[in-house]
Amino acid sequence: MTGPRIVACVLGALALAILITTWGFPPGSQGVPGPGLVPRLLGVALLALSGALLWAPGTSAPALVRHHRAIPAAMALLVAYVLLWRVVPYGVLTGLVLLTFFRLTGLAWRGALIGAVLMATSLQVLFERGLGVRF
């Protein structure tokens, strides 16, 4: 099995896990999105991406570069994010995951830290104040 097909299988499994674990979340009512909307959209998008990678995985791979180590690390980080979802508070977990993602892409510590804090805080405010979702 080639690398892109392995990635497709992992993304497909992650998508199914997201869809199964959030199945009971209400999607929303009377035009107001509920807590089930975003995870379901994410799950469907990951499932579509997985299908596209299985359908046309590509024919050749470039030489080994730094990003080849970052891709499995990012996938492992997503799995850890899902596993720690109910254990670590949402804002802290999201901030740490974003910080790690930013560092994986080569962003300096200062920029990564500022970006992670701003994004995690914005997401927390959006979900709690805008959508009324409590974590």
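Here, the structure is the one placed above.
Residues numbered from 1 in each chain as written. Predicted model: local features only at pLDDT ≥ 70, side-chain atom pairs only at ≥ 80, totals over all residues. Heavy atoms only, no water.

Caption draft 1: Spatial organisation of the packing of aromatic side chains. Tallied over the entire structure, the rule returns 3 aromatic pairs. The interplanar angle of 75° and the centroid separation of 5.5 Å between the aromatic rings of Tyr81 and Trp85 together place this pair among those described as edge-to-face. For Tyr81, a relative accessible area of 18% gives the class buried. Judged by centre distance (6.0 Å) and plane angle (80°), the rings of Tyr90 and Phe127 are edge-to-face. You can see Tyr90 sitting in helix 4 (residues 90-104) and its partner Phe127 sitting in helix 5 (residues 109-130), a full 37 residues away along the chain. Here Tyr90 matches Phe127 in class, with each residue buried. (Phe/Tyr/Trp six-rings, centres within 6.5 Å; stacked < 30°, edge-to-face > 60°. Buried < 20%, exposed > 50% of the residue type's maximum accessible area, 1.4 Å probe, protein only. Helix = DSSP H or I, 4+ residues; strand = E, 2+ residues; numbered from the N terminus.)

Caption draft 2: Structural context of the nonpolar core. Among the nonpolar cores identified, the biggest contains 7 residues, and these are Leu77, Tyr81, Tyr90, Leu93, Val97, Phe127 and Val133. Within the residue set of this core, elements represented by two or more residues are helix 3 (67-83) and helix 4. Top contributing element to this core by residue count: helix 4, with 3 residues. Not counting residues within four places of it along the chain, the set of residues in contact with Val133 comprises Pro35, Phe127 and Glu128. (Core = buried A, V, L, I, M, F, W, Y, C linked by side-chain atoms within 4.5 Å. Contact = heavy atoms within 4.5 Å.)

Caption draft 3: Here's a closer look at the packing of helix 4 against helix 5. Look at helix 4 against helix 5: their axes get within 8 Å of each other, and the N-to-C directions meet at 145°. Where helix 4 crosses over helix 5, the two elements pack in a sense that is right-handed. Between helix 4 and helix 5, the contacting residues are Tyr90, Gly91, Thr94, Gly95, Leu98, Leu99, Phe102 and Arg103 on the first element and Trp109, Ala112, Leu113, Gly115, Ala116, Met119, Ala120, Leu123, Gln124 and Phe127 on the second. Per-class residue counts for the contact of helix 4 with helix 5 are 12 nonpolar, 5 polar and 1 charged. (Axes fitted to C-alpha atoms, helices over the stretch in contact; angles between N-to-C directions. Left-handed = near helix turned anticlockwise from the far one by under 90°. Nonpolar A, V, L, I, M, F, W, Y, C, P; charged D, E, K, R; others polar.)

Caption draft 4: Structural view of the side chain of Thr22. Tracing the backbone shows Thr22 in the loop between helix 1 (3-21) and strand 1 (28-29). Overall, the relative accessible area of 7% leaves Thr22 in the buried class. Looking at Thr22, its side chain comes within polar contact range of the main-chain oxygen of Ile18, at 2.7 Å. When residues no more than four places from it in sequence are discounted, the contact partners of Thr22 are Pro39 and Arg40. (Polar contact = N/O pair within 3.5 Å; in protein donor to acceptor, adjacent residues only side chain to side chain.)

Caption draft 5: Fine view of the packing of helix 1 against helix 2 (residues 37-55). Closest axis-to-axis distance for the helix 1/helix 2 pair is 8 Å, and the angle between their directions is 155°. If you check the angle between helix 1 and helix 2, you find them roughly antiparallel. As helix 1 packs across helix 2, the resulting crossing turns out to be left-handed. Where helix 1 approaches helix 2, its residues Pro4, Arg5, Val7, Ala8, Cys9, Leu11, Gly12, Leu14, Ala15, Leu16, Ile18 and Leu19 are matched on the opposing element by Pro39, Arg40, Leu42, Gly43, Val44, Leu46, Leu47, Leu49, Ser50, Leu53 and Leu54. (Parallel < 35°, antiparallel > 145°, perpendicular 65-115°, else oblique.)

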